[in-house]
Amino acid sequence: MWTKKAVLVVSLAVLSILLGLSLRNPLLLALSAALLSYLTISVFANTTARLAAERKLSHEKIFEDGTAKAELLIVNRGGKTGFLEVRDKLPRQVQITEGTNYTYLNLNPKGGATRLRYTMKFPLKGLYQIGPITLRTQDPYNLFYRESEVPEVSEITVFPQVRDVKELYIKSKQPKIYPGEMKVKMPGPGTDFFAIRDYMPGDPFRDINWKAYASTGKLLVNERERLSVSDITIVFDSREVSGIGMDSDNANLYGARAAATLANFFLKRRDSVQLVVYSDKVRTVKKGSGQKQLFEILTALATAEPKGDLPLGGIAEVVLPYMPRHSPVIIISNLEEDDTLSKAVSTMKVLEFDVTIISPNSIEFEIMAKQKKGIKVDPVAYSILRLERDILIQELMGYGVRVVDWKPAVPLTQVLLEARTY
Amino acid sequence: MAEYDFLEEKVPLKIGIQNPETTMLKVLGLLMGFIVVGITVALTGFETVGVLLMIVGVIVTFVGQLTTPYELFPSEKLPKLNNLLMIVGIGLTFGGIVLLGANNVELSDPSQLSLRQYVVLATLGIVFVLYMEYNHASMRFDSVLTSATRYSKEVFDIKPVLNNYFKMGTLLLVNIYALTILLLSLNFIIRKLALAVNPQFGHSVILHSVYVMAITLAIVFVPIGIFLLYYFEHQEEKLKREEMAQKEKEGAALYT
C-alpha cells in the first residue's frame, strides 16, 4: 500500500516533469529523477512480516476494576522484518496500567523473537476480546507499507461488581420446606419473635410466654418467624435502551451490578435464584443455588449487552408458567419504551407474585452524558420526560408493586435497602 | 445507544521540541534545507524573490517540527498542523527552486551542461529528497513515540529504531543517488551516442535535451511501474496463500 507521503512524492515528481518541460528546465527534471529513484528503491526495501504469536493471560475471568496480566510472545518465521510495528489490539474500554501492548522493532530473520508484557485494567463488565495482533511493515522511508494480522485471540470475561449487602427485605410468602436463612413472614421454626397465640396441647413448655400469662392469666406461647429457603427470580432488562448514557454510566451497567449483588446475597442465604435476561432474545439461567449458580448468573450478566427490544409482556408470558407462585420477582429495568410493561406487571400481581422493580433512571444518565460532552440540556424537554416517568411509576405502584427509582448518585446498597416488599 | 467517553484525547497545541530523541532529525532536516538553497543558488545565481521563498519554506518546515500534531480543522481528512506546515514549507522551497531555475538563462539550454553539472543536479535532487525525508522522519518517529506511550506505561526506547533507520536509510540513499546519477548521465551518453551514429540526429537530440531527459525518465520508470503493479498483485496473492498455509500449520505451542 502507498502511504500519503508516497502519493505526495509522486505528485511532486510529475509536477517537476511537467514544469521542467514547460520551462525547459533540467533542474526540475533532476528533482523528479531523484524523487522517482527514491520511490523505486523504497519499493524493493519493503518487507513482509511472517510472524507467529502466543498470548498468556493471568486471568480469564475477573470482576470489574480487576486487572489481568498478558504476556505476548512474537516469533519471526520469515526473513528480515525491517520496520515492524506490532500492536496487540485491545478493546477501547481496557486501560493499560503497566507495560505496553505496542512496539516498533526490527526482528532478526528465522527465529528472532520478542515479548510484550502488560497489565490491563477492566473498569466495566463485559466479554472482552484481546487481539488479534496487528502488524505493519514499512520501508525505511515510510513510502509503502503492508498490514497483516496474527489471528491470536483471547477472551476475558469481566463480571459486574458485587457489593456486600448485610440485609435485604425481599421475602417470599410461599416458603419451601427446607430450612434456610430467609424469614418468610410465617410462623414456624426460627429464632426471631413473630407472634403470640393461645397455648395448644403439644406446645413445648419453653415457648410459653410467662410474662403474658402473668398479666392475662391465660397460657400463651411465643411463635417464631419461619426461616426457610425461597425461589427468587431476577428479571434483567438488557434492551438497547438500557445503554442510554455513557459507557461507564448507564442502566445496563448499573442494573447488572444490582442483579449480581442480589444474586450473591440470595445464594449466600441458600435461596434458589433464577435469572432471566431479555434483550434481542431471552436468556434464562434456570433456578439453582450455590457457587456454580452464582458463576453462571455472573457470566450471563457480564455478557448481557444492550441490544434488541423484546417487551416484558412477551417475556412474562414465556417465563411465568415456570415460576413458583407467590415467590419474589425482582425486575431490573429502566422502564423505557415498553408499552407492555404495565400489563405484564399487573398479570404478575394477579398471579400473586411478589414484584419489586429496581429502575435505574435513564433520563438522569442521558443528562449526565450530555453535560459531560458539553451538549446543552433542554430543561423543559427533560421535565416532561421526568413527569411521564413519574406517572408510569405511580401506575405501577398502583398495582401494589414496590418501585425504586434509582438515580445515578444514589449508591447501590442504599437502593437495595429501599427495595423492601412490605 | 451508549455514547462513548473514552479515547476523546485531542492532542493539545504545544510549541517546542516534541521529543529530544528526534532532535537530530530536525537539525538534519533544517541543514538539508539550507544546503538545497545553497546548491540551487550556486547553480542558478542569486534572485531575491526565489531565495527568499526558499528560505521562508525551510523555516516554515522547521516550525512544523516544533508543533504537536494538533488538529487545526475539525476534519480528520485534512492534515494536522505540523504536517500542514511541512507540506507548505516544502511547497515554498520547491516554488523557490522553480523560480530560480526559470530565471537562469544558461540552465534553459541543457545541451551546454557538463557531466559535472549533471552530478551537481543529481546531488541537488538527493539533498532535496533528504530535506523532505528528514523532516518527515522526525514527525514519523515523534508519532511512534506518542503512539508507544499514549496507552502504555512503559518508556519506549526509540534509539534502536533510529539506528536502524540511519543504517538502512544510508544504504538505500547510496542506491538512490547512483540511480539518479545514472538517469541523468543517460542523457549525456545518449547525446554522445546520437552524435556518433548520425550527426543530424545527434544535433536534434542536443537541441531537445530537456525532452530527451523526460523521455529517458519515462523509458526507465514506466516499465518499472508496470512491473511493480504486476509484482504487487502477484505478491499479495502469494502472501494470502502463505498465510492460509501457515494458519493450517499453526498449532505447535511457541512457549517452551
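None of the values given here were measured: they were computed from a predicted structure.

Conventions adopted
Residues numbered from 1 in each chain as written. Chains lettered and ligands numbered in written order. Predicted model: local features only at pLDDT ≥ 70, side-chain atom pairs only at ≥ 80, totals over all residues. Helix = DSSP H or I, 4+ residues; strand = E, 2+ residues; numbered from the N terminus. Buried ≥ 20, exposed ≤ 12 C-beta atoms within 10 Å, placed from the backbone. Contact = placed C-beta atoms within 7 Å. Domains from an automatic or database assignment. Nonpolar A, V, L, I, M, F, W, Y, C, P; charged D, E, K, R; others polar. Core = buried A, V, L, I, M, F, W, Y, C linked by C-beta atoms within 7 Å. Pairing = 2+ DSSP bridges. Axes fitted to C-alpha atoms, helices over the stretch in contact; angles between N-to-C directions. Arc of directions from axis to C-beta. Parallel < 35°, antiparallel > 145°, perpendicular 65-115°, else oblique.

Scanning chain B for helices and strands turns up seven helices and one strand. Along chain B, from the amino end to the carboxyl end, the secondary structure elements read β-α-α-α-α-α-α-α. By the burial criterion, 33% of the 256 residues in chain B qualify as buried. Taking as baseline every contact in chain B between residues at least 6 positions apart, the subset at least 24 positions apart corresponds to 76%.

As a further point, take the domain arrangement of chain A. In terms of domain boundaries, chain A breaks down into domain 1 (4–45), domain 2 (51–159), domain 3 (179–228) and domain 4 (231–418). A C-alpha centroid distance of 65 Å is found between domain 1 of chain A and domain 4 of chain A.

Taken together, the contact between chain A and chain B spans 59 residues of the former and 61 residues of the latter. If you tally residues by element for the side of chain A that touches chain B, the top one is helix 2 (residues 26–45) of chain A, at 18 residues. Split by residue class, the side of chain A that touches chain B holds 31 nonpolar, 18 polar and 10 charged.

Let us now look at the nonpolar core. Grouped together as the largest cluster of nonpolar side chains are 161 residues, with contacts concentrated most on A:I234, A:F236, A:A259, A:A263 and A:L275. At 18 residues, helix 4 (residues 115–150) of chain B tops the list of elements feeding residues into this core. Those residues in contact with A:A259, other than ones at most four positions away along the chain, are A:I234, A:F236, A:L275, A:L301 and A:I332.

Next up on the list: the sheet that holds strand 8 (residues 126–130) of chain A. All names here are of chain A. Spatial ordering of the open sheet is given by 2-11-8, a layout of three strands whose pairing is mixed. Here the strands that pair on one side only, and so sit at the sheet edges, are strand 2 (61–63) and strand 8. Averaged over all neighbouring strand pairs, the angle between strand axes comes to 30°, with direction disregarded. Taken strand by strand, helix 5 (residues 291–302) contacts strand 8 and strand 11 (154–159), and its axis lies near 105° from that of strand 11.

All names here are of chain A. The antiparallel open sheet is built from four strands, whose spatial order is 1-3-7-5. This sheet does not close on itself; its edge strands, each paired only once, are strand 1 (51–57) and strand 5 (95–99). Going from strand to strand, the sheet's axes swing by 30° on average, the running direction of each strand aside.

The subject of this paragraph is the pairing of strand 10 (residues 145–150) of chain A. Residues and elements named next belong to chain A. Inspection of the sheet shows strand 9 (residues 133–138) paired to strand 10 by six bridges, in the antiparallel sense. Across the sheet, Q138 pairs through a bridge with Y145, a residue of strand 10. Between strand 9 and strand 10, which pair antiparallel one after the other, the connecting turn spans six residues, and N142 there sits at a positive phi close to 60°.

Residue and element names in this part refer to chain A. Taken together, the buried positions of helix 6 (residues 312–319) are L312, I315 and A316. Projected onto a plane normal to the axis of helix 6, the buried residues spread over an arc of 100° and lie on a single side. On its buried face, helix 6 is in contact with strand 15 (231–237), strand 17 (272–278), strand 18 (282–288) and helix 7 (341–350).

Let us now look at the packing of helix 4 (residues 251–268) of chain A against helix 5 of chain A. Residues and elements named next belong to chain A. Interhelical geometry of helix 4 versus helix 5 gives an angle of 175° and a closest axis separation of 10 Å. The angle between helix 4 and helix 5 places the two elements in the roughly antiparallel class. Facing A256, A259, A260, A263, N264 and L267 of helix 4, the residues of helix 5 in contact are Q293, L294, I297, L298 and L301. In the contact of helix 4 with helix 5, the residues fall into nine nonpolar, two polar and no charged.

Residue and element names in this part refer to chain A. The residue after G131, namely P132, is reached through a cis peptide bond having omega 0°. Tracing the sequence through the fold places P132 in the loop between strand 8 and strand 9. With phi around 50°, E337 is a residue other than glycine that occupies positive phi space. Positionally, E337 belongs in the loop between strand 19 (328–332) and helix 7.

Moving on, we get to the environment of A:S58. All names here are of chain A. In this structure, S58 sits in the loop between strand 1 and strand 2. Judged by local crowding, S58 falls into the exposed class, with 12 C-beta atoms found within 10 Å. Sequence-wise, S58 and S242 are 184 residues apart; in three dimensions their C-alpha atoms are separated by 32 Å. The residues contacting S58, other than those within four sequence positions of it, are A68 and K69.

With that out of the way, let us pick up the packing of helix 1 (residues 23–44) of chain B against helix 2 (residues 48–65) of chain B. Residue and element names in this part refer to chain B. With their axes 10 Å apart at the nearest point, helix 1 and helix 2 run at an angle of 175° to one another. As the angle between them shows, helix 1 and helix 2 are arranged roughly antiparallel. The residues of helix 2 that touch helix 1, namely those facing K26, G29, L30, G33, F34, V37, T40 and V41, are V51, M54, I55, V58, T61, F62 and Q65. Residue composition of the contact of helix 1 with helix 2, by class: nine nonpolar, five polar and one charged.

Residue and element names in this part refer to chain A. Where burial is concerned, the two faces of strand 8 differ: the one with G126, Y128 and I130 is buried and the one with L127 and Q129 is not. Note: strand 8 against strand 11, five bridges, orientation antiparallel. Its bridge partner lying in strand 11, L127 is registered against T157.

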